[in-house]
Amino acid sequence: MWSRSTKIWGENAKEFYPERWIDEEGGLRREAASKWTAFHAGPRVCLGQNLATLEALVCVAMLLKRYTFKLVPGQDVTYDFSLTLPMRDGMKVYVERR
Ligand code: HEM
């Protein structure tokens, strides 16, 4: 699968490593749609891509404004095989009000 390809994403392609999306200046690293295929690419690219991304950003920003999240250590955060690739065992976090 494209999004787990070590040829495209490097040796740690299969690891949960969200920092890969942050560039040297702390900004968002943007990748070509042909590399990152959640919304596919080309003439049939998802028409709701920008709306869906904006909704996710607003949701995350509102949560981060009110709470801190710390990953519970010792978990294997990975995906399950299904059409929507959900997390296999979820991702447990400690949540504290700011
Ligand atoms: C996380 C959310 C979403 C994901 C991961 C997603 C993903 C996709 C994917 C993979 C396709 C297929 C592209 C292809 O045929 O190659 C698609 C098509 C499409 N999506 Fe989304 N989508 C999301 C949200 C939305 C939203 C919110 C809307 C509308 C408000 C939307 C509207 C569409 C439409 C209209 C198409 C058909 C485009 C076409 O065939 O020309 N999507 N989406």
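Here's what I pulled together on the structure shown here. (Residues numbered from 1 in each chain as written. Predicted model: local features only at pLDDT ≥ 70, side-chain atom pairs only at ≥ 80, totals over all residues. Heavy atoms only, no water.)

The next point concerns the coordination of the iron atom of the ligand. Within the protein, just one atom coordinates the iron atom of the ligand: Cys46 (SG), at a distance of 2.2 Å. Residue position: Cys46 is located in the loop between α1 (6–9) and α2 (49–66). (Donors = N, O, S within 2.8 Å, 3.2 Å for Na, K, Ca; no water. Helix = DSSP H or I, 4+ residues; strand = E, 2+ residues; numbered from the N terminus.)

Before going further, it helps to spend a moment on the environment of Phe16. For Phe16, the position within the fold is in the loop between α1 and α2. Taking the C-alpha atoms as reference points, Phe16 and Ala61, separated by 45 residues in sequence, lie 20 Å from one another. Setting aside residues up to four positions removed in sequence, Phe16 forms contacts with Leu71, Val77 and Met91. (Contact = heavy atoms within 4.5 Å.)

So, on to the site of the ligand. Every residue lining the ligand is accounted for by Ala38, Phe39, His40, Arg44, Val45, Cys46, Leu47, Gly48, Leu51 and Ala52. At 2.6 Å from an oxygen atom of the ligand is found a side-chain nitrogen or oxygen belonging to His40. One nitrogen or oxygen atom from the side chain of Arg44 is found 2.6 Å from an oxygen atom belonging to the ligand. Taken together, the residues of the shell around the ligand sort by class into 7 nonpolar, 2 polar and 1 charged. (Near = heavy atom within 4 Å. Polar contact = N/O pair within 3.5 Å; in protein donor to acceptor, adjacent residues only side chain to side chain. Nonpolar A, V, L, I, M, F, W, Y, C, P; charged D, E, K, R; others polar.)

What follows is about unusual backbone geometry. Even without being a glycine, His40 presents a positive backbone phi close to 60°. With respect to the helices and strands, His40 occurs in the loop between α1 and α2. For His40, a relative accessible area of 53% puts it in the exposed group. (Buried < 20%, exposed > 50% of the residue type's maximum accessible area, 1.4 Å probe, protein only.)

Turning our eyes to something else, we now look at the environment of Lys65. Looking at the secondary structure, you find Lys65 in helix α2. A relative accessible area of 66% places Lys65 in the exposed class.

Tallied over the entire structure, the rule returns 4 salt bridges. A salt bridge links Asp76 to Arg88, with the nearest nitrogen and oxygen atoms 3.4 Å apart. On the criterion of sequence distance, the pair formed by Asp76 in the loop between β1 (67–71) and β2 (93–97) and Arg88 in the loop between β1 and β2 is long-range, its members being 12 residues apart. When the shortest N-O distance is used, the salt bridge between Asp89 and Arg88 registers 3.1 Å. Through salt bridges with shared partners, one network takes in Asp76, Arg88 and Asp89. (Salt bridge = Lys/Arg side-chain N within 4 Å of Asp/Glu carboxyl O.)

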